[in-house]
Amino acid sequence: SSDQKQICIYKLEGGTSGGNSGATQTTVTAKYSGSTTNMGTDNQASKLGLDTSIFTVTANKGGSSNNVGLNTAGDFRLYYASGANGNTLTFTAEGHKVVSIKITFTSTSYAGGCAVIVEDTTALTTDTSSKTVSVDINAESFTLKNVNTDNQQVRIASIEIVYE
């Protein structure tokens, strides 16, 4: 219903160790294609079409019954858990700086809001249904987390990642 709220946190960690300004930027897209399943706990980068020699993607189910979902519809889903302790998905570009991300939520994503945390600084956005959100990162890694306080999923069609 329209009164349900959804929050997704994107926590960004790390930084760069000096001197990367002017580096060549590369854009890649994290997107799922395959059968319906759940992520494991090892590096899941290849499941999202990312180069495993650069990216490590780690899923954690948090307090949820299931880990991050991968759906035949072509999306990945962060599941809810009580106490705002839902799934997390951490993206790390080892030895690189993630400059920015652009998250595209699916048209069937639950309406609600997502928070973006960059090194402990939070920015908020609202509706996630059929919406694209761009965030400047400037860090080596970021974590997506479903922190809904009611049973709502965060459904993501793709994440465009610009790194150098």
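What counts as what
Here, residues in each chain are numbered from 1, in the same order as that chain's written sequence. At least 70 in pLDDT is required for a residue's local features to be given in this predicted model, at least 80 for side-chain atom pairs to be given and counted, and no such filter applies to totals for whole chains, interfaces and linings, which use all residues. Computation of side-chain values covers all heavy atoms of the structure but excludes hydrogens and water. What makes a nonpolar core is a set of buried Ala, Val, Leu, Ile, Met, Phe, Trp, Tyr and Cys residues whose side-chain atoms join them at distances within 4.5 Å. Think of it in three bands: residues with accessible area under 20% of the maximum for their type are buried, residues over 50% are exposed, and the middle band is partly exposed, with areas taken using a 1.4 Å probe on protein chains only. Counting from the N terminus, the helices are DSSP H or I runs at least four residues long and the strands are E runs at least two residues long. Any pair of residues with heavy atoms lying within 4.5 Å of one another is described as a contacting pair. Two rings belonging to Phe, Tyr or Trp (six-membered ring only in the last case) form a pair when the distance between their centres is within 6.5 Å. Interplanar angles under 30 degrees mark stacking, angles over 60 mark edge-to-face geometry, and anything in between is tilted.

Draft legend 1. Up close: the nonpolar core. In terms of nonpolar packing, the biggest core is built from 32 residues, with Leu 48, Leu 89, Phe 91 and Ile 159 touching the most fellow members. Within the residue set of this core, elements represented by two or more residues are strand S4 (55-60), strand S6 (76-78), strand S7 (88-93), strand S8 (98-105), strand S11 (132-139), strand S12 (141-146) and strand S13 (154-163). Considering each element in turn, this core owes the most residues, five residues, to S13. In contact with Ile 159, other than residues within four places in its own chain, are Val 28, Thr 29, Ala 30, Phe 76, Phe 91, Ile 101, Lys 102, Ile 103 and Leu 144.

Draft legend 2. Layout of unusual backbone geometry. The residue Asn 138 is not glycine, and still its phi comes out positive at about 55°. Tracing the sequence through the fold places Asn 138 in strand S11.

Draft legend 3. Focus on the packing of aromatic side chains. Under the defined criterion, the tally for this structure stands at two aromatic pairs. Plain terms: the ring middles of Phe 55 and Tyr 163 are 5.3 Å apart, the flat faces sit at 90° to each other, and that makes the pair edge-to-face. In this pair, Phe 55 is assigned in strand S4 and Tyr 163 in strand S13, connecting sequence segments 108 residues apart. As far as burial versus exposure is concerned, Phe 55 and Tyr 163 are alike and both buried. Here Phe 91 and Phe 142 contribute two aromatic rings whose centre-to-centre distance is 4.8 Å and whose plane-to-plane angle is 5°, an arrangement assigned as stacked.

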